[in-house]
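Understanding the architecture of this molecule
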Amino acid sequence: MKKNERDALNISSVDMQQKHRNEISSDRIRTVTALAQDEVVKRFGSASAEYLKGYSGIDIETGKKFAKGLAEVARHKVNPDYSAQNTKQQAGFSAEIATTSRDNAEAIINKDPIQTIRSDDLPEYGRNHNVVDRVKHDNGVIVEGSQSQMKFVGNRDQLFKDIALEDGKFSRYQGIKLKLPSEQYEGAAEHCRKRATELREQANKVETVGKQDVADKFRREADNYDRLANDISDSGISTDQAIFYREHPTIATAMDIARTSHRAGLEGAKSGAIVGSAISLVVNIFNVAQQKKALNEAVEDIIVDTSNAAALSYLTSFSGSAIKAGLQQSESHLLRAVAKTSAPALAVNICLSLGMSINRYFNDEINEAELLHEIGEKGSGMLSSGMMAALGQIAIPIPVVGAAIGGMIGYTLSSMFYKSALDAARGAVLSKERLEHIKKIQTAARASIAHEQKLLDEFTAREIPQLRKNIQHLFKVTSGGYENVNDLVFSINDFATLLGTQLEFQSMSEFEGFMASDKPLML
């Protein structure tokens, strides 16, 4: 081989190595950016899972079966002679289910512990309660005053009359929150107050002619109208939408999940832009300081990196939340376990990262051994990032910050270890036997990492809640002041015991006794 050909090959090899290093660096940043959205993905994913519960009528995660689901209501029979009437009646059930799912999804998004439950699903009310349709629950306790009735009727004003009149058909709804279809809510309260005014005027007129009983009755009904005006609220769903849920539950549920995922994407894009710009700022300041890049180039790169991070974060949060919802309500126990990890947040980045390596392989830029090397390095990096992100979030319980720092550390360390372990793969193309041997090593390495992930998840679920409780107690004692120093000593010793060590002194009197003695201090 001629010298110029050898030089060309060497230059090409150097370029390929540099390209690979740049790709790994970009992949590391993308992974950190994606993991920064883990909290958003989990929160909005759990919110979207509420729609799947409403559709199926089952919470697969807990095993609870509800009275009805949208899919079951859609299978109800309709009398051809009363098709429109039957469909509208059944749409009322669909509206209850859909709005309950919606309310619970919003509660999860807003980190509100209060749940909305249909009365049909509570033993206190039983099936088909004639007054209450839905209530709010706070840790298993019904929130008093939250009882509500949802009423979808053709004539709104007649419904109000049937409730307000003492002998009205629906007088049993007096004092209960009334949820109306969205198109009937506008002007509803004003109508009730107007009727109250009219009834009081009638009461004054009949009172002047000696009909006191009638006047008193009119005033009581006027009071009912006033209370009704305060109890009316928008159900958040129109009659047409309720009918759509009844006739097309699958499409309606998919639309709810898509809307929630879009909101997750928008929220993720905001935090992703912050993370991406922060990382890019640090990297570019360093490059400018090292005179590797001009200031104007650095500014342009920061803008581009921020935009890319926002776009990646939108895709991560959008798809990740939808994926988590499906996994969370999967019939497979293993898939439900995956929903609790960072896997949904990493789904988009995994596709992007591995897709790049596969594309390089098909373009003959790398061979089989190098493809295996890259996939293993990226896979182990992402897995380790997920583990470290979980620990980082525990150590730094601030959304985004803890996960980002932990993810960066995890990916960097894992990539370093994996790369060192697989340097031998570069010569594997010369020996098929050697290549097969390295494949086995890689398989074993991935299995080991997966095992460690499982052990870490088990440890986290078992130990971290107690550790966090003890830390909070210790901080409370140390920052809130204390009357007895032994309380502080006890808290510190209790925390040390949790970490597996025993301190020298168990109380202030033991310490004072030691200080008065000639015994040496053993560290």
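Basis of the calculations
Residues numbered from 1 in each chain as written. Predicted model: local features only at pLDDT ≥ 70, side-chain atom pairs only at ≥ 80, totals over all residues. Heavy atoms only, no water. Helix = DSSP H or I, 4+ residues; strand = E, 2+ residues; numbered from the N terminus. Polar contact = N/O pair within 3.5 Å; in protein donor to acceptor, adjacent residues only side chain to side chain. Contact = heavy atoms within 4.5 Å. Buried < 20%, exposed > 50% of the residue type's maximum accessible area, 1.4 Å probe, protein only. Phe/Tyr/Trp six-rings, centres within 6.5 Å; stacked < 30°, edge-to-face > 60°. Patch = residues over 30% accessible without salt bridge, like charges linked within 9 Å, V, L, I, M, F, W, Y side chains within 5 Å. Areas by Shrake-Rupley, 256 points an atom, 1.4 Å probe, with all protein chains shown as cover. Salt bridge = Lys/Arg side-chain N within 4 Å of Asp/Glu carboxyl O. pLDDT = per-residue confidence, 0-100.

Residue placement: Thr-306 occurs in helix α11 (residues 295–328). There is a polar contact of 2.7 Å between the side chain of Thr-306 and the backbone oxygen of Ile-302. Those residues in contact with Thr-306 that sit more than four places away from it in its chain are Ala-273 and Ser-277.

Looking now at the environment of Gly-140. Note on placement: Gly-140 falls in the loop between β4 (134–138) and β5 (141–142). Assessed through its relative accessible area of 56%, Gly-140 is described here as exposed. Gly-140 sits 26 residues away from Ile-114 along the chain, and the two C-alpha atoms are 9.2 Å apart.

Although it is not a glycine, Lys-111 sits at a positive phi angle of roughly 60 degrees. Locating Lys-111 in the fold gives a position in the loop between α4 (83–109) and β3 (115–118). One non-glycine residue with positive phi stands out, namely Asn-139, at about 55 degrees. You can call Asn-139 exposed: its relative accessible area is 71%.

A word on the packing of aromatic side chains. Taken as a whole and assessed by the stated rule, the structure comprises 2 aromatic pairs. Relative to Tyr-173, the ring of Phe-170 has its centre 5.4 Å away and its plane inclined at 15 degrees; by these criteria the two rings are stacked. Owing to a relative accessible area of 13%, Phe-170 belongs among the buried residues under this scheme. Here Tyr-173 falls in the buried class, since its relative accessible area comes to 4%. Ring centres of Tyr-314 and Phe-318 lie 5.9 Å apart, and the angle between their planes is 25 degrees; this geometry places the pair in the stacked category. Of this pair, Tyr-314 and Phe-318 both sit in helix α11, separated by 4 residues, roughly a single helical turn.

This brings us to a nonpolar patch on the surface. Residues Phe-244, Ile-251 and Met-255 make up a contiguous nonpolar surface patch of about 260 Å² in total accessible area. Considering the arrangement of structural elements, one finds Met-255 in helix α10 (residues 249–289).

Along the chain, Ala-345 falls in helix α13 (residues 343–362). On the accessibility criterion, Ala-345 (0% relative accessible area) is buried. Linking Ala-345 and Gln-37, residues 308 residues apart in sequence, is a C-alpha distance of 6.6 Å. The residues touching Ala-345, leaving out its near neighbours within four places in the chain, are Ala-34, Asp-38, Val-41 and Thr-316.

According to the stated counting rule, one finds 21 salt bridges in the structure shown. A salt bridge links Lys-177 to Asp-231; its shortest N-O distance comes to 3.8 Å. Placement of the pair is Lys-177 in strand β7 (residues 177–180) and Asp-231 in helix α8 (residues 212–231), with a sequence separation of 54 residues. With a relative accessible area of 34%, Lys-177 lands in the partly exposed category. The residue Glu-221 makes a salt bridge to Lys-217 at a minimum N-O spacing of 2.7 Å. Here Lys-217 and Glu-221 lie together in helix α8, a separation of 4 residues that amounts to about one turn. If you follow the salt bridges from partner to partner, you end up with Glu-39, Arg-43, Lys-111 and Glu-267 in one network.

Predicted confidence across the protein chain gives a mean pLDDT of 77, with 63% of residues reaching 70 or more. Below pLDDT 50 for its whole length, residues 5–11 participates in 2 contacts with residues either more than four positions away or in separate chains. Here residues 380–414 is a poorly scored stretch, pLDDT under 50, and it has 69 contacts once near neighbours within four places are set aside; other chains count.

Let us now look at the side chain of Ser-146. Mapping Ser-146 onto the fold places it in the loop between β5 and β6 (148–150). Among the polar contacts listed, one links the side chain of Ser-146 to the backbone nitrogen of Lys-136, at a separation of 3.0 Å. In terms of polar contacts, Ser-146 uses its side chain to reach the backbone carbonyl oxygen of Val-143, at 2.6 Å. The residues contacting Ser-146, other than those within four sequence positions of it, are Arg-134, Val-135 and Lys-136.

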